[in-house]
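# Observations on the model geometry
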Amino acid sequence: MSEGKREHPRLILHNFLSPEECKELEFIHKSCSTVGYRPNVFSTTLSHLIATDSPHLIIPFISIRDRLKEKMEETFGCEYELFIEFTGLISWCRGASIGWHSDDNRQYLKQRDFAAVCYLNSYEKEFKGGLFRFQSGEPATVAPSAGDVIMYTADDRNIHSVDEVTDGERLTLALWFSRDSSHDEDSKLVSRLSQCLSHQPSSKSHEFCLPLPASSNMYWFCSNQNTGFDICVARLHLLGFNIHSLQDKDHSPDASEQLMGPLQIAKGEELLIRKFTNILHALQVVQFYHWKASELKTSNVEDGTVKEVKAISQPQLETINALKSVFLPDEGLVTTTFGYPCYKEDQKDSLGLKDISIAITSWEEYTCKLLKELLSSLPQWKTYQTIHKVESD
Ligand SMILES: O=C(O)CCC(=O)C(=O)O
Ligand SMILES: [Fe+2]
């Protein structure tokens, strides 16, 4: 290692993740995230995916984690010594920043030896601000670019900061590594997975793929001005969709319950007749559609699916507006929080209600494929107490 490298052990890799991997993780985050541990930050952890009945969504992380760990061990000369302590998708919206720090700077973080931050979207393209800076050594500044990764030791040889995000949503996949096996997240995740999958007979696997929302406060974004919104409703709203609840209001006076049960989605003057099990189910399908839009869009949607959409009636419109006033009291706040030119009106309009039916089938196939891989990998994961790519035959 050169002198500079010894003083500041770090590595920047370009295009370590493919554009498709970045998009898939973005889909997962935008359909599953909760409000995070600091203001204006959102996160999706692997244990959260398991807890909300979406354990299959950890599959897209697996080969990325394997590759990162291998690269980390090779770069810092610690082959077979590292354990992954934490894996999570983290996004920062307008107003989020972090001052100079090292990643092991708290007693409860002392086990952290190395960090890897993968950028899933790009500076100036999807967000403004949010530059990463090292206090000393080279490079001094890193402009996040989708697919790039920075790896560094978690100690004070790599003190760093992130400038405030001033527009848009900055998304990363962050991992921390430890030499201490007692902080290995894999063994904990394997036991949670075994528990949650043991309840499910495989014949009902399809039903099992439906997400289960966590408690409503985990989705409530609160701004400095003490106004706020539900981030799931907000993310649907940004793509032009509204919610129509099918719950009997007299039986569930608590408004947050309205998102936990069956609902429909609406756009403009129209309602999709198809019911979703809860808000997360609707959000997953819509975000999946957003991710895959170019593949899913067909030219002849008019014939088969048009009967699935009907005009919104007056009482339905009232329900839609009532929900909006509870979960999205200030629409402007959503745009200032997440908005960026990438949410141009034309893009919003390009996602039609009628195509959602095609997206539902395609989302179900995707979900089942992941669940199958999860079920076939789990026996090996249990044996080795690690989560790793299991090649199917
Ligand atoms: O997102 C980044 O670029 C780094 C974030 C960071 O420093 C941290 O979470 O400790
Ligand atoms: Fe950090």
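Residues numbered from 1 in each chain as written. Chains lettered and ligands numbered in written order. Predicted model: local features only at pLDDT ≥ 70, side-chain atom pairs only at ≥ 80, totals over all residues. Heavy atoms only, no water.

In the annotation of an unreviewed UniProt entry, the protein chain is listed under the name procollagen-proline 3-dioxygenase and assigned to Arabis nemorensis.

Let us look at the site of ligand 1. Every residue close to ligand 1 is listed here: W92, H101, D103, V117, Y119, F132, H160, V162, R170, T172 and W176. The side chain of D103 places a nitrogen or oxygen atom 3.1 Å from an oxygen atom of ligand 1. At three residues, strand β12 (residues 165–178) tops the list of elements feeding residues into the shell around ligand 1. Taken together, the residues of the shell around ligand 1 sort by class into six nonpolar, three polar and two charged. (Near = heavy atom within 4 Å. Polar contact = N/O pair within 3.5 Å; in protein donor to acceptor, adjacent residues only side chain to side chain. Helix = DSSP H or I, 4+ residues; strand = E, 2+ residues; numbered from the N terminus. Nonpolar A, V, L, I, M, F, W, Y, C, P; charged D, E, K, R; others polar.)

Mapped onto the present numbering, the UniProt feature "domain: Fe2OG dioxygenase" (unreviewed entry) falls at residues 71–179. With 5% helix and 47% strand, the stretch residues 71–179 has end C-alpha atoms that lie 15 Å from each other. (UniProt positions renumbered as here; feature names shortened; annotations may be inferred.)

Considering the arrangement of structural elements, one finds S245 in strand β15 (residues 242–245). Given a relative accessible area of 4%, S245 falls into the buried group. Here the side chain of S245 touches Q247 through a polar contact of 3.1 Å, landing on its backbone nitrogen. Polar side-chain contacts of S245 include one of 3.0 Å to the side chain of Q258. If we skip the residues at most four places from it in the chain, S245 touches Q258, P262, L263, T319 and L323. (Buried < 20%, exposed > 50% of the residue type's maximum accessible area, 1.4 Å probe, protein only. Contact = heavy atoms within 4.5 Å.)

Moving on: the side chain of T153. One can find T153 in strand β10 (residues 149–153). Residues contacting T153, with those up to four places away along its chain left out, are P9, F76, D113, F114 and N158.

Here we come to the coordination of the iron ion (ligand 2). Protein-derived ligands of the iron ion (ligand 2) are H101 (NE2), D103 (OD) and H160 (NE2), with the metal-ligand distances lying across 2.1 Å. All donors to the iron ion (ligand 2) come from one chain, and their sequence spacing reads H-x1-D-x56-H. Here D103, found in the loop between β5 (98–101) and β6 (114–119), pairs with H160, found in strand β11 (residues 160–162); they are 57 residues apart in sequence, far enough to count as distant. Comparing D103 with H160, the two get one shared label, buried. (Donors = N, O, S within 2.8 Å, 3.2 Å for Na, K, Ca; no water.)

Where charged atoms from two side chains of opposite charge approach closely, those side chains can pair. What the rule picks out here adds up to 17 salt bridges. Between K30 and E26 there is a salt bridge whose closest N-O contact spans 3.0 Å. Of the two residues, K30 and E26 are both situated in helix α2 (residues 19–32); the distance of four residues between them amounts to about one turn of the helix. A relative accessible area of 12% places K30 in the buried class. Of the residues examined, E26 reaches a relative accessible area of 15% and is grouped as buried. For D167, the salt bridge goes to R94, with nearest N and O atoms at 3.4 Å. Pair noted here: D167 is in strand β12 and R94 is in the loop between β4 (83–93) and β5, with a separation of 73 residues, a long-range link. A cluster of three or more residues bridged by salt bridges with shared partners is formed by K23, E26 and K30. (Salt bridge = Lys/Arg side-chain N within 4 Å of Asp/Glu carboxyl O.)

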